[in-house]
Structures are given as C-alpha cells and as structure tokens.
Amino acid sequence: MIPGAPIVTAAEMRAAEQAVFARGVSQDELMERAGSAVARETARFAAGRPILILAGPGNNGGDAYVAARLLRNDGHDVSLVATGVPAPGAAERMHALWQGPTSSLYAARPRPMLVDGLFGTGLTRPLERGLAAVFADLSKQAEFTLAIDLPSGIDTDTGGDLGAPGGIDVSLALGALKPGHLLDAGLARCGTVLLADLDIPVDARWRTIARPSIETPSAHSHKYSRGLVAVIEGAMPGAARLAARAAMAGGAGYVVLAGDRPWGEGPDALVRREVRSAEDLAEFLAWDRIDAVVLGPGLGRDRRAEAFLSVAFAAPCPLILDGDALTLLGTGAARWLGTRDAPTWITPHSGEFDRMFAGAGSKIDRTLAAAAETRATIVHKGADTVIASPKGDVRLLAGASPWLSTAGTGDVLAGLLAAQVVQGGKGIVPAEAAAWLHARAAQLAGPALIADDLIAQLPKAISECL
Ligand SMILES: NC(=O)C1=CN([C@@H]2O[C@H](COP(=O)(O)OP(=O)(O)OC[C@H]3O[C@@H](n4cnc5c(N)ncnc54)[C@H](OP(=O)(O)O)[C@@H]3O)[C@@H](O)[C@H]2O)[C@@H](O)CC1
Ligand SMILES: [K+]
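Residues numbered from 1 in each chain as written. Chains lettered and ligands numbered in written order. Predicted model: local features only at pLDDT ≥ 70, side-chain atom pairs only at ≥ 80, totals over all residues.

Chemist: Teacher, can you tell me more about the overall build of the protein here?
Modeler: Helix and strand counts for the protein stand at 16 helices and 17 strands. Oriented by its inertia axes, the alpha-carbon framework of the protein measures out at about 80 × 40 × 40 Å. Here the protein, with 466 residues, has 54% of them falling under the buried criterion. Within the protein, contacts between residues separated by at least 24 positions form 74% of all contacts whose residues are at least 6 apart in sequence. (Helix = DSSP H or I, 4+ residues; strand = E, 2+ residues; numbered from the N terminus. Buried ≥ 20, exposed ≤ 12 C-beta atoms within 10 Å, placed from the backbone. Contact = placed C-beta atoms within 7 Å.)

Below you can see the structure in the form of structure tokens.
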C-alpha cells in the first residue's frame, strides 16, 4: 500500500480536475498526461508482448485511446477494442487520433497484455452481463492485465462489486487513490495499486496510513511522564494481559492490570492491582496518575461487566473500548459515548460495528458517521481498516497480513493504542500510529503468527519510527 497517499471520491476527483481546467490546462492536455502514464506502465509490464486495449465510451476510454496511440508510435504491437460511442470532448478527439486496428468487443481475440480502459470513475451501474463475461474471459486469457484508474466493475466510492473480474494484476490510479482501490471487493480485485501523479492538486482529509514518527524518551523522562495505562481484566484474563503487554511494549511508562484473577507467569514489570467489584474499580480509577483505561478485551458480558463499563465510562480520563465492551454498548453506543467528556477510542471489527451502528454507504461513510455521532475516534477493523475521527479525518489501512485473523490480535491493538494515547496522541494520530505498528509487527512476525508474536515484534517496529 502506498503510505500517506490522498484518497478522493469520484466527485472530489472531478472537482480537482475542474480546478486544473480553471487554471488553463486543457482537457486534452490532462488526458495526454493520463494516457502517457498508462502507456509507460503498459510498456513496462508488456515487455514486448502484444497488447490489447479495451476502450469505453467515456474519459477512461479517452485515456485508453491516448495510451494506444503512444504505444503504437513507440513500435508496440497494439490492437484496440472500442465499445460505445466516444463521448463528445477529449474522448472523442482521442478516438479520432487512433489509426490502428480496431475490433468490436465480441470479435476481440485475447492477447498476452490486456489494458482495461472501459470505465473508471464514471461507472454508475453494474456492467452489462455480456460485457462482463467477455472482459473476464479476455483477462483470464491474458498473461497480465492492467486497469486504467480502477478495474471496470468496481464502484469508485465504495469498492463494491459491479462486475469486475478477478485476476487484474495492476491498477494505475490516476491523480489520487479512490476508496474503491482499498475497500470491499476493490481491495481484492485491483491487484497491486500504482499511483500516477498527474499534477492535479487534491485537498484530501482521507489518506492511507503512513509510518508514524515516534519520539525517543528524553533524558528527563520517567515512568509517569511516559504515561500510565490501566487495563481492566474480565472473564477471559488472557485477553486483558495481551492488551497490557502490548501497552508495555508499545512504549507506555507504566501499565497496571486491574482485576481479581490468579496471577500467571510474568512479565514482572506489569503491575497488578486487585479489583474485585465495581466499587473497587471506581476507587482505582479515581487515581489521578492514570492516563488511559482499556476496557473490553475478554471482559465478558455479565452484570459485573456491565457495572465495570458504567464505572469506566464515568472516569475522567481517555478510554479505549474494545471487544465485549462494544457488544455491551450495542445500539446504545451513540447515546452513551456521546455523553463522555474525556476522549474515547473504539476498535470494533465489522460484526461489532454492525451491532452498534446502522447507516448506509461505504465503510468510510459509515465509520465517519459513527465517529460524528459518538464523538469517538473509531478504528473499524478488517482487511480494509478504516480509522475515522469525529472531525472528519480518515486513515485507511488495506492489505495488512491475513495472518492477523487470529484470536488476540485485536486485544494487542487495543493495548498498543492506549500506549500511543498516553504518549500524548490526540484523535486520529495515536490510532494511525497503533494501526501502523500493529501491521508492521505482523509483517515482521511472518506467517502463522499468534497474537503474542506481535508483541515480541513491537520494539523492532517502533525502532523503524524513531
Ligand atoms: N478526473 C481526472 O482527474 C481525470 C480523469 N481521467 C479519466 O476519466 C475517467 C472518468 O471519466 P468519465 O467521467 O468520463 O467516466 P468513465 O469512467 O469513462 O465512464 C463514463 C461512461 O460510461 C458510461 N457508463 C457508466 N456506467 C456504465 C455501465 N455500467 N455500462 C455501460 N456504460 C456505463 C457512461 O454513460 P451513461 O452513464 O451516461 O450511460 C459514460 O459514457 C477516470 O476514471 C480517468 O480514467 C483522465 O482522463 C484525466 C484525469
Ligand atoms: K478501467
């Protein structure tokens, strides 16, 4: 995934394009830029093999005509399939400049290199069935498929499946990434996403996550200045211990595990505090040294868990809620969370999120709406992790290790997030840092990882951010 890259919707991309036109750049000039980028990447991947280019009726097709012309002028063996009547304007003019062999879709013969310029950000509905079948067949028979901007049949704004085939090797995002490159079906269908810089300024509050910058403790730092995390234990103490150990390895100065479970093996640096009841918890959380509380990993869903949740809610310090705490909140999440004065982060996976929030639209839209409603920063986990703040900022993490789909990795994320929060992070910043470190630790741990392995890799991941 390209780090820190802007992500814009189809409408935002069109607006950015209009702003470039207003500065005096012609539509043809912009299309030449796009087509040149496509030609360059196609030549690189074709490596001398014959090329088949599919050109649709809109500007995605316009880019395809430009690329076809440039590649042919450079001596490549190019044939082109034209579908639909080119739209008036640049697409029509680029179509007129194409002098090479052209066939209809249904007469097209497969070639080793396929370029998909059927539809891009202007796709408004599912691909017609016959077209989808031919496209899928040509792609299957090609040795390499490159999609211009997005694969035809991926919804630009949601990543939804509108009939795109599998097996696309590379998508060349034009000007900026779109949500469709990272979300839902788009995540799997786009292949490797490359970004072509077309010199179109975009003002994006949505970005892919980037490596955080972490400060080395100063000579004057001490355990309290580096932040105290309290992790509350519940019915499954292993989960809270994972969160606590992740908070320690994530850089918190002092971590307390509060609960009443028998103490297992170390680590000895983890401080225990006996908390048997909600009253005990209230007394403990009144300690003004506490900089953040983690509640939810392995909490359970019984009366005691509910009482603990109420107490933690009333605590005046930052709160990180995960797992069972989110299930307990359920549809009351917005009502409850909105009443807290101190900052809150919640880290639901999609099952937990769906139990808490209704709403329509893309995963980004839904997460943003939930963040606004709850006034909490939300890390909506999954193969496509969407982080959204109540202020409207979004960070996206796609393509993290699939080996993360194992018990306990979410508990590690919650503890790691708490460690970033107590080191002074606000809003989306600690969430982005935690998500990056978590994904990087998974990469370092390699295949068949277990949650404990992530913790072991955190110091190494952190060392890359200093
Ligand atoms: N923005 C930028 O900065 C730049 C953008 N550039 C390029 O422009 C692309 C966007 O171009 P675009 O807006 O013309 O839309 P595009 O994707 O070609 O499709 C629209 C056409 O398809 C049609 N249509 C839609 N769905 C359909 C369906 N299911 N089945 C059949 N038809 C369907 C629709 O017709 P209608 O909906 O009216 O029937 C219309 O005719 C963008 O992805 C990038 O490649 C670069 O050139 C320069 C920089
Ligand atoms: K395309």
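Chemist: I keep staring at the UniProt feature "domain: YjeF C-terminal" (unreviewed entry) in the protein and nothing clicks. Help me out?
Modeler: UniProt records the feature "domain: YjeF C-terminal" (unreviewed entry) at residues 206–465, using the numbering of this structure. Within residues 206–465, the helical portion is 42% and the strand portion 16%, while the C-alpha atoms at the span's ends are 22 Å from each other. (UniProt positions renumbered as here; feature names shortened; annotations may be inferred.)

Chemist: Help me understand the sheet that holds strand 14 (residues 344–346), please; the structure alone is not making it clear to me.
Modeler: Across a sheet, paired strands are connected by hydrogen bonds in the backbone, their directions being either parallel or antiparallel. Strand order across the open sheet formed by 10 strands is 8-17-16-15-14-13-12-9-10-11, with mixed pairing between neighbours. Across the chains shown, the open sheet's two edge strands, defined by having one partner strand only, are strand 8 (206–208) and strand 11 (271–274). The mean angle between the axes of side-by-side strands here comes to 20°, regardless of whether they run parallel or antiparallel. Taken together, the five bridges between strand 16 (residues 384–388) and strand 17 (residues 394–398) define a ladder with antiparallel strand orientation. When the bridges of strand 17 are listed, V386 appears paired with L396. (Pairing = 2+ DSSP bridges. Axes fitted to C-alpha atoms, helices over the stretch in contact; angles between N-to-C directions.)

Chemist: How should I be thinking about the site of ligand 1 in this particular structure?
Modeler: Around ligand 1, the structure places 31 residues, and the nearest of them are G58, N59, N60, G120 and G122. Counting only elements with at least two residues in the shell around ligand 1, the list comes to helix 1 (10–22), helix 2 (27–46) and helix 3 (59–73). Here the shell around ligand 1 takes five residues from helix 3, the largest share from any one element. Considered class by class, the residues forming the shell around ligand 1 number 14 nonpolar, 11 polar and six charged. (Near = placed C-beta within 6 Å. Nonpolar A, V, L, I, M, F, W, Y, C, P; charged D, E, K, R; others polar.)

Chemist: Is there a simple way to think about the UniProt feature "binding site: AMP" (unreviewed entry) in the protein in this case?
Modeler: Here, UniProt's "binding site: AMP" (unreviewed entry) annotation points to K381, G382, A383, D384, T385 and G410. A compact arrangement is adopted by the annotated residues: their sequence extent is 30 residues, whereas the largest C-alpha distance between any two is 14.3 Å. By the secondary structure assignment, G382 is in the loop between strand 15 (377–380) and strand 16. Summarising the element assignment, A383 is placed in the loop between strand 15 and strand 16.

Chemist: I would appreciate a short explanation of the domain arrangement of the protein in the present structure.
Modeler: For the protein, the domain assignment lists domain 1 (10–207) and domain 2 (228–463). Its C-alpha centre places domain 1 at a distance of 41 Å from the equivalent point of domain 2. Across the contact, 11 residues belong to domain 1 and 11 residues belong to domain 2. For the side of domain 1 that touches domain 2, the secondary-structure elements that each account for two or more residues are helix 6 (184–189) and strand 8. Here the residues of the side of domain 1 that touches domain 2 are counted per class, giving five nonpolar, two polar and four charged. (Domains from an automatic or database assignment.)

Chemist: Would you mind showing me how to read the packing of helix 15 (residues 428–445) against helix 16 (residues 451–463) here?
Modeler: Where helix 15 contacts helix 16, the axes come no closer than 8 Å and their chain directions differ by 110°. As the angle between them shows, helix 15 and helix 16 are arranged roughly perpendicular. On helix 16, the residues touching L437, H438, R440, A441, A442, L444 and A445 of helix 15 are D453, L454, Q457, L458, K460, A461 and I462. The class makeup of the residues in the contact of helix 15 with helix 16 is nine nonpolar, two polar and three charged. (Parallel < 35°, antiparallel > 145°, perpendicular 65-115°, else oblique.)

Chemist: Please explain unusual backbone geometry as it appears in this structure.
Modeler: Negative phi is the rule for most residues except glycine; trans is the rule for most peptide bonds. The phi torsion at A47 lies on the positive side, around 50°, for a residue other than glycine. Residue position: A47 is located in the loop between helix 2 and strand 1 (51–55). Classification of A47 by C-beta neighbours within 10 Å gives exposed; the count is 10. Non-glycine residue A448 carries a positive phi angle of around 55°. By the element assignment, A448 lies in the loop between helix 15 and helix 16.

Chemist: Please clarify how the nonpolar core should be interpreted in this entry.
Modeler: Proteins that are soluble and globular tend to have nonpolar side chains buried together. Core analysis: the largest hydrophobic core is formed by 156 residues, its most contacted members being V229, V231, A247 and A418. Looking at which element gives the most residues to this core, the answer is helix 15, with 11 residues. Composition of this core by domain shows at least three residues from each of domain 1 (10–207) and domain 2 (228–463). Apart from residues lying up to four places away in sequence, V229 is in contact with A247, A252, V255, D291, A292, V294, A418, A419 and V422. (Core = buried A, V, L, I, M, F, W, Y, C linked by C-beta atoms within 7 Å.)

Chemist: Honestly, the pairing of strand 10 (residues 254–259) in this entry has me stumped. Any pointers?
Modeler: Look at any regular strand and the pattern is simple: side chains alternate between the two faces of the sheet. Counted residue by residue, strand 10 has six buried out of six residues, so it is predominantly covered. Here strand 10 shows no split at all, with Y254, V256 and A258 on one side and V255, L257 and G259 on the other all buried. The pairing of strand 10 with strand 11 spans four bridges and is classified as parallel. Across the sheet, the residue bridging to V256 is V271, located in strand 11.

Chemist: Looking at this model, I keep getting lost on helix 3. Mind explaining?
Modeler: Along an α-helix, a turn takes 3.6 residues, which lines up residues three or four apart on a common side. Here helix 3 contains 15 residues, and its C-alpha end-to-end distance of 21 Å stays within 8% of the 21 Å for a straight helix at 1.5 Å per residue. With 13 of 15 residues buried, helix 3 is to be regarded as a mostly interior element. (Expected span 1.5 Å × (residues − 1).)

Chemist: So what exactly am I meant to see when it comes to the sheet that holds strand 3 (residues 102–103) here?
Modeler: Taking strand neighbours across the sheet as the criterion, the seven strands line up as 3-2-1-4-5-6-7 in an open arrangement whose pairing is parallel. Here the strands that pair on one side only, and so sit at the sheet edges, are strand 3 and strand 7 (192–196). Pairing of strand 4 (residues 113–117) with strand 5 (residues 144–148) involves four bridges; the strand directions are parallel. By the bridge assignment, L114 is partnered in strand 5 with T145.

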